[in-house]
Amino acid sequence: MAKYFDVHPDNPQPRSIRQVVDILRADGLIAYPTDSCFALGCRMGNKDGLDRMREVRHLDDRHHFTLMCRDFAQIGQFVQLNNASFRLVKASTPGPYTFILPATREVPRRLLHPKKKTVGVRIPEHTVTQALLAELGEPLVSSTLLLPGEEEPMTMGWEIKEALDHQVDAVVDSGEECGVEPTTVIDLSDGEPEILRVGAGDTSRFE
């Protein structure tokens, strides 16, 4: 059964955050709120967690996982940015955007798009997510919590606990302080911005 953590949206309890991160470090899979919507997340080295994420969402190996990063400096460790990409990403973060970029050697091979060798990255503007990332000290490999056959992502912590009780190890709930729309996805891997999905983030600067 998944452990349920009810955390304060503005001042998340350090003890709860530590307990969730302990679960992540023990190769657990969590559901957690972000500024776009709930996501599934695990550590980068957690192969079983990735497999479980694919199972929950019925994903194939062409799915772009996202590295949820604490800040811009952390993004720079995992993706290659030219000057134009640097400026666009810097101007758009933190916020509800996912950027597809060429990965560095720091990214485990199983996280890469098999042909393009790219990975998604983003910096969330969400207090609880940032607290988890600060405590963990590394990115969270993430995927939007959109269940097979559903049009809308799940947005209520208690519903997620009921639906995924035996498929995740923890559910983090911060009440209403969670977005309801997935991120806007921008592919910067070929130099020119390509809008792959219009979501919560304004697309005007990429058009």
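Residues numbered from 1 in each chain as written. Predicted model: local features only at pLDDT ≥ 70, side-chain atom pairs only at ≥ 80, totals over all residues. Heavy atoms only, no water.

Chemist: Can you help me understand the layout of surface pockets in this one?
Modeler: Rolled over the atoms, a probe as big as a water molecule pinpoints where empty space is left. For the largest pocket, the calculated volume is near 380 Å³. The wall of the largest pocket is formed by 24 residues, among which H64, T66, T144, V185 and R197 lie closest to the centre. Sorting the residues of the lining of the largest pocket by element identifies β4 (66-68), β5 (97-102), β6 (118-122), β7 (140-144) and β10 (194-197) as the ones contributing at least two each. The element that contributes the greatest number of residues to the lining of the largest pocket is β7, accounting for 3 residues. Looking at the lining of the largest pocket, its residues break down into 10 nonpolar, 11 polar and 3 charged. (1 Å grid on protein atoms, 1.4 Å probe; cavity = no way out; pocket = protein on both sides within 12 Å on 5 of 7 lines; lining within 4 Å. Points joined across faces, edges and corners; volume = space filled by probe spheres on them. Helix = DSSP H or I, 4+ residues; strand = E, 2+ residues; numbered from the N terminus. Nonpolar A, V, L, I, M, F, W, Y, C, P; charged D, E, K, R; others polar.)

Chemist: Explanation requested: helix α1 (residues 14-25) in the structure shown.
Modeler: Side chains that are three or four residues apart share a direction in an α-helix, a result of its 3.6 residues per turn. Between the first and last C-alpha of α1 there are 16 Å, a value that for 12 residues agrees with the 16 Å anticipated at 1.5 Å per step. Within the sequence span of α1, burial applies to S16, I17, V20, V21, I23 and L24. The arc enclosing the buried residues of α1, seen along the axis, measures out at 150°, which places them on a common side. Structural note: α1 exposes P14 and R15 on the side pointing more than 90 degrees away from its buried face. Where α1 is buried, its residues touch β1 (3-6), β2 (30-32), β3 (39-42), α5 (127-136), β7 and β8 (170-173). Remark: D27 follows α1 within two positions and exhibits a positive phi of approximately 65°. (Expected span 1.5 Å × (residues − 1). Buried < 20%, exposed > 50% of the residue type's maximum accessible area, 1.4 Å probe, protein only. Arc of directions from axis to C-beta. Contact = heavy atoms within 4.5 Å.)

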